[in-house]
Each structure stands twice: as C-alpha cells, then as structure tokens.
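Next come the chains, spelled out residue by residue.
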Amino acid sequence: MSASQRHTAEEALSEVPLKARILLSHAHLQHLADTHGIDILHIKGYAFGTDTYPVDRQSTDVDVLVRPDHLGLFVTALKDAGWKVVTTFESGSDFHHAMTVYHPTWGLSDIHRYFPGLDASPEHVFDELWAHRRIKKLGGYECTTVSVVDARALVYVHAARSTSSVKPDVVHLDDVLSEAQMQLVQRRVQELNAELAFAAARGSLDDFSTHRDYLLWKSSSEQVPEYIRWKARLRSARGLRAKASTLRDIFFVNTDHLAMSLGREPTRQEVREKFFSRFSALTRIRGKKN
C-alpha cells in the first residue's frame, strides 16, 4: 500500500463511528481467539450492555479476560495480527493485571490475565466465570462473555479501583437491582472471594478493617496520599519476591504510563524529573506531619 493509499484508509477509518469500531474490535478479537483455540471472556463495556450499565454509557476500548493457560498464545496471536503493546502487564497498573494493546484499525484493547478483587487463583476464577458464560453478538459475531449476574458482580468489583467519591456504575446498580437480584450478586461475590472489593465499592470497607488487604483497597477506592498507597502495596505483597518487585515499582518511573500521559516517548530529563518529584512530594508530606 502506498503512502497516499494508507493516508486515505486512515481518513476513512476516522469517519467510522467509535461504537461501531469498538463492536467490530470485539468481533475481531473473538475471531482471533476462535482461530487459535483460545478461551476469552469479553468483559465490561458493550459486552455487558444495558442489563448492567445505564443505557447511555459508552465505551472507548475492548476488555477481554484470557484463560491463564492460553495467555501466551493469545499475546503472540495479537502481535502476529498487527497489535502493538502500549503497556505491559508489569507497567499497566499497580495490580499488574492487564496489558494494553493498540491496532491502527481496531483501536485500544486491555488484555486481562486476571481480575483484581477476585481473591482466588486466576485459573479458578476463570473456570468459575467460564462455567456460567453466555454468548452475545457483538459486531455481528458470536462472542463469549460472562453471565448477567457475574457481569454485575464484576462491575462492583471494578468500581473498587476508582478513587472517585461517587461511583456512577455502583449508584446505577444500587438503584435498579431488586432485592432478589442483589442477593444473587452478593452470593456470587462470596463464591468469587470478592467481598473486600465489593465492600470498598459500596462504602462499607471498614467492616474489613483487620484484613491484611484493607489498606490496599482503601487506597484503591479513596483518595489517599501516595505514601499510603505505597505502604498498602508493600503490606499486601505476598512473599519476599513480590515485596522486592513492589519496591522496584515504587522507586523506578513507569515510563509506559509517562509516555501515555505525554503522548510521546519521554526524554531522560523528564524521567529524572518524574523520579525525583515523587520523593519531593513525600518529603513535603513528612514535613507537614512534623
């Protein structure tokens, strides 16, 4: 394809409505998984739809949860299909749960290796969700997603990672779910060992104040000083290797995130400034305490 043809194609794609492109991206990822015999579950966004979200809610990317044993094969298939890694699992978030990939035709997608807040092994969680899966047409293609009850449970659990004082998705579900429907969600939350995140989303986290992960979910669901977030991550890290990895994350700048915020690769000077800014902020906090 010549440069002029490529430019024409990009202009045509820019005119495709975002929702249409996202739905087609769901279909593309499912086709890719089917072709390689990979199990994926489409989560959040249009995969859940209006039986979980408000009717006017929109999505800007695609999220899929991959069977852990199939993860490496799926990542390879994505790269072979022209997807580029934007953030790795390690740099994507404090939970290291998802990598972000980008395709010039299909846009952004988050590839989840597990779902934070479901406190069981990723293999067990995927098996549990897969056992209750349903088929939903997205972009005209049959895609696998979770049950309606599981979708609602995941929305609550996901909201626990928002520090906003008002969590619109939680407010919506609290308003529209009947008592019987809420009981089904709460039962599923227990089965998925997600009580802590569920409580954080609904403002009742203090019921778990003695839990070792209490501070982690408090700092995930509320605005707290950065040093509290660091302390929470260290406390929740299991084992010396995990704690060492957490310390490394704290001390070294996440260049993937910095690049996303800048819209380009950061310079060495910008990385240095980011490195020292976090510790100057910590010094100011300590100074106020003294």
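Note that the structure is a prediction, hence the values are computed from the model and not measured.

Chemist: Pulling in residues and values, what's your account of helix α11 (residues 214-221)?
Modeler: Most of α11 is tucked away: 7 of the 8 residues are buried. Listed as buried for α11 are Y214, L215, L216, W217, S219, S220 and S221.

Chemist: An account of the pairing of strand β1 (residues 40-43) is requested, with residue identities and associated values reported.
Modeler: What you see with β1 is no split at all: I40 and H42 on one side and L41 and I43 on the other are buried throughout. Where β1 meets strand β2 (residues 62-66), 4 bridges bridge the pair, whose relative direction is antiparallel. Among the inter-strand pairings, L41 is bridged to a residue of β2, identified as L65.

Chemist: Account for unusual backbone geometry, with residues named and values stated.
Modeler: Here the phi dihedral of K44 falls at roughly 65 degrees; this positive angle occurs in a residue that is not glycine. Within the secondary structure, K44 is located in the loop between β1 and α3 (45-48). Judged by its relative accessible area of 13%, K44 is buried. Phi is positive for H96, which is not a glycine, with a value near 55 degrees. Counting through the fold element by element, H96 comes out in the loop between α5 (89-92) and β4 (98-103).

Chemist: Please set out the environment of V171 residue by residue, giving values where relevant.
Modeler: Turning to its location among the elements, V171 is positioned in helix α8 (residues 168-176). Remark: the alpha-carbon pair of V171 and Y156, spanning 15 residues in sequence, is separated by 9.8 Å.

Chemist: Give a description of the pattern of salt bridges that names residues and reports values.
Modeler: For the structure on display, the rule yields 11 salt bridges. Across the pair K44 and D63 runs a salt bridge, and its minimum N-O distance is 3.4 Å. Taken together, the residues K44 in the loop between β1 and α3 and D63 in strand β2 connect sequence positions 19 residues apart. Exposure class is identical for K44 and D63. Each is buried. Between D150 and R188 there is a salt bridge, and its shortest N-O distance comes to 2.4 Å. Here D150, found in helix α7 (residues 148-159), pairs with R188, found in helix α9 (residues 179-191); they are 38 residues apart in sequence, far enough to count as distant. R188 shares its class with D150; the two are buried. Residues joined in a network through salt bridges with shared partners are E128, D150, R188 and E191.

Chemist: How would you sum up the nonpolar core? Please name residues and give values.
Modeler: Counting 64 residues, the largest nonpolar core has F48, F74, I111 and W217 as its most contacted members. Top contributing element to this core by residue count: α7, with 7 residues. In contact with F48, not counting residues within four places along its chain, are H42, I43, Y53, R134, K136, T145, V146, A151, L154 and V155.

Chemist: Tell me about the packing of aromatic side chains, residues and numbers included.
Modeler: Following the criterion strictly, the structure yields 4 aromatic pairs and no others. Ring geometry for F126 and W130: centres 5.7 Å apart, planes at 20 degrees, overall stacked. Within this pair, F126 and its partner W130 are both found in helix α6 (residues 122-131), separated by 4 residues, close to a single helical turn. Here F126 and W130 have matching classes, each one buried. Consider the rings of Y156 and F198, whose centres lie 5.0 Å apart with planes at 65 degrees: the pair is edge-to-face. Taken as a pair, Y156 in helix α7 and F198 in helix α10 (residues 195-202) lie far apart in primary sequence, 42 residues in all.

What counts, and at which threshold
- Residues numbered from 1 in each chain as written.
- Predicted model: local features only at pLDDT ≥ 70, side-chain atom pairs only at ≥ 80, totals over all residues.
- Heavy atoms only, no water.
- Buried < 20%, exposed > 50% of the residue type's maximum accessible area, 1.4 Å probe, protein only.
- Helix = DSSP H or I, 4+ residues; strand = E, 2+ residues; numbered from the N terminus.
- Pairing = 2+ DSSP bridges.
- Salt bridge = Lys/Arg side-chain N within 4 Å of Asp/Glu carboxyl O.
- Core = buried A, V, L, I, M, F, W, Y, C linked by side-chain atoms within 4.5 Å.
- Contact = heavy atoms within 4.5 Å.
- Phe/Tyr/Trp six-rings, centres within 6.5 Å; stacked < 30°, edge-to-face > 60°.

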